[in-house]
Amino acid sequence: MHILVERYSSGPESTLGRLHVDGVFACYTCEDQRQPGPKVPTETRIPAGTYDLKLRRFGGTHASYRKTYGAMHRGMLWLQDVPGFTDVLIHVGNTDDDSEGCLLIGLDRVQYPAGGGYVLHSASAYRRFYPPIAAAIEAGAAVRIEIVDREGAEALIS
C-alpha cells in the first residue's frame, strides 16, 4: 500500500498537504512548518522522504485512542526511521499546535494567505482513513508513506 502526501502550501507556522492512498485522494494534512536550519523540537515538519508505517501499541496516545475509538483502534500509525525525529504519528488534530512533529489529517482545510493553514473534521477523517491502513499493516502488507514537497503548486491542487 502506498500513501502519498503532497505538500502544497507552507507558511511561517504550518504546512498543508493532500494525502492519497494508492492513488486515490483520502484527506488533507497539516503539520508543522519548514525550518531554514536545524530541526526545532516540536516546531519542524517531517523531512520529505519515504517511510514504513507500523502500529505502535504503547504510550499515552495509544491508550487515549483506545478509549476514544474502541475496537477500531489497533495501535497508532507510526512512521519509522524519520531522520532526526522519534515517535512520529498520524493522528487527530486541527492546527500545528496539535502536533509536535506529527502528521494531522482532516476532511477539509483552511489555507492562510501567507501559506499553511489548518485542517477540519479531523476525527471524521481518522475514522475513514485509519481502518484500512491498520488492517493492511496487521495483514503483513508493506505500507509506506511518501512525503513530497510541491509548494507553489496551489493552482494544481483544488
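Predicted model, so just to flag it, every value in this text is computed and none were measured.

(A) Representation of the nonpolar core in the model. In this structure, Leu79, Phe129 and Ile145 are the most contacted members of the largest nonpolar core, which totals 34 residues. In terms of residue count, helix H2 (residues 122–138) provides more of this core than any other element does, eight residues in total. If we ignore the near neighbours within four places in the chain, the residues touching Phe129 are Ile3, Leu19, Val21, Ala26, Leu77, Ile90 and Ile105. In this structure, Tyr8, Leu16, Cys30 and Val119 belong to the second largest nonpolar core, which totals six residues.

(B) Geometry of helix H1 (residues 60–69). If you check which residues of H1 are buried, you get His62, Tyr65 and Tyr69. Taken down its axis, H1 places every buried residue within 65 degrees of arc, on the same side. Across H1 from its buried face, at more than 90 degrees, point the exposed residues Gly60 and Lys67. Along its buried surface, H1 packs onto strand E4 (49–56), strand E5 (76–79), strand E6 (88–91) and H2.

Thresholds, definitions, all that
Residues numbered from 1 in each chain as written. Predicted model: local features only at pLDDT ≥ 70, side-chain atom pairs only at ≥ 80, totals over all residues. Heavy atoms only, no water. Core = buried A, V, L, I, M, F, W, Y, C linked by side-chain atoms within 4.5 Å. Buried < 20%, exposed > 50% of the residue type's maximum accessible area, 1.4 Å probe, protein only. Helix = DSSP H or I, 4+ residues; strand = E, 2+ residues; numbered from the N terminus. Contact = heavy atoms within 4.5 Å. Arc of directions from axis to C-beta.

Purely geometric numbers; function is a separate question.
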